[in-house]
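Okay, here's what each chain looks like letter by letter:
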Amino acid sequence: MNNQAIAEIVISLCNHSLSLDDNSLFRLPELSDEEWVEILTFASRQGVLPIIAQQLNGVQVRNEQAKDAFIRKLMSAQNNGRKYQMRLKVMHDLAMLFAKEGIDVMFLKGATL
C-alpha cells in the first residue's frame, strides 16, 4: 500500500473520530493484517494514533505476528493518550498559577514541550 492511500485512510479515521455526530456510521476498510500494521505505524509516526485507537477495536487481525504488533501499537497509543492528558492538566494548572500572578504565557507546540 502506498503512502498516499495510507494517509487517506488515517485522515478519514481521524475525521470520523473528531466528528460531533456520534450516530454517523463509519465502516472500517477491508485490509490485510500487514496493511493494518502499516496504518498503525503511520498514525503513530504522525502522532494521531490515540485519536483513532478507539475506532480500531473492531479490526480483526489473524496473523499472530501482525496481531502482536497491532496490540503493542494500540497499547502504546493508550499510554501516550494518558500521558498527554496528564501533561495537558499540568499545563492548565501552570497557566492558572501564572495568570494569578499576572505572568503572560505562550505555548509554542502543544502539550509536548
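The following paragraphs examine the structure supplied in this document. Bear in mind that the values here come from a model prediction, so they are computed numbers and not experimental data.

### Observations regarding the environment of Ser17
Assignment of secondary structure puts Ser17 in helix α1 (residues 3-17). Remark: the alpha-carbon pair of Ser17 and Gln55, spanning 38 residues in sequence, is separated by 7.3 Å. Not counting the four nearest positions on each side in its chain, Ser17 is found in contact with Ile51, Ile52 and Gln55.

### A look at a nonpolar patch on the surface
A cluster of nonpolar side chains, namely Val90, Leu94, Leu97, Phe98, Ile103 and Val105, defines an oily patch on the protein surface of about 490 Å² accessible area. Mapped onto the secondary structure, Leu97 falls in helix α4 (residues 64-100).

### Thoughts on the pattern of salt bridges
A complete count under the given rule lists one salt bridge for this structure. Here Asp93 makes a salt bridge to Lys89, at a shortest N to O gap of 2.9 Å. Note that Asp93 and Lys89 are positioned in helix α4 at a spacing of four residues, about one turn of the helix.

### Some words on helix α2 (residues 33-46)
With 14 residues, α2 should cover 20 Å at 1.5 Å per step; its first-to-last C-alpha distance of 20 Å lies within 8% of that length. The complete set of buried residues in α2 reads Asp33, Trp36, Val37, Ile39, Leu40, Phe42 and Ala43.

### Remarks on the nonpolar core
In this structure, Val10, Ile39, Leu49, Ile52 and Leu56 are the most contacted members of the largest nonpolar core, which totals 20 residues. Sorting the residues of this core by element identifies α1, α2, α3 (49-52) and α4 as the ones contributing at least two each. Look past the residues within four positions of Leu56 in its chain and what remains in contact with it is Leu13, Leu28, Trp36, Leu40, Leu49, Phe70 and Leu74.

### Observations concerning the packing of α1 against α2
A pair of packed helices can be characterised by two numbers: the angle between their axes and the separation between those axes. At a closest axis distance of 10 Å, the pairing of α1 and α2 adopts a crossing angle of 70°. Classified by the angle between their axes, α1 and α2 sit roughly perpendicular to one another. Mapping the contact onto sequence places Ile6, Ala7, Ile9, Val10 and Leu13 in α1 and Glu38, Ile39, Phe42 and Ala43 in α2. Tallied by class, the residues present in the contact of α1 with α2 amount to eight nonpolar, no polar and one charged.

Definitions and limits used
- Residues numbered from 1 in each chain as written.
- Predicted model: local features only at pLDDT ≥ 70, side-chain atom pairs only at ≥ 80, totals over all residues.
- Heavy atoms only, no water.
- Helix = DSSP H or I, 4+ residues; strand = E, 2+ residues; numbered from the N terminus.
- Contact = heavy atoms within 4.5 Å.
- Patch = residues over 30% accessible without salt bridge, like charges linked within 9 Å, V, L, I, M, F, W, Y side chains within 5 Å.
- Areas by Shrake-Rupley, 256 points an atom, 1.4 Å probe, with all protein chains shown as cover.
- Salt bridge = Lys/Arg side-chain N within 4 Å of Asp/Glu carboxyl O.
- Expected span 1.5 Å × (residues − 1).
- Buried < 20%, exposed > 50% of the residue type's maximum accessible area, 1.4 Å probe, protein only.
- Core = buried A, V, L, I, M, F, W, Y, C linked by side-chain atoms within 4.5 Å.
- Axes fitted to C-alpha atoms, helices over the stretch in contact; angles between N-to-C directions.
- Parallel < 35°, antiparallel > 145°, perpendicular 65-115°, else oblique.
- Nonpolar A, V, L, I, M, F, W, Y, C, P; charged D, E, K, R; others polar.

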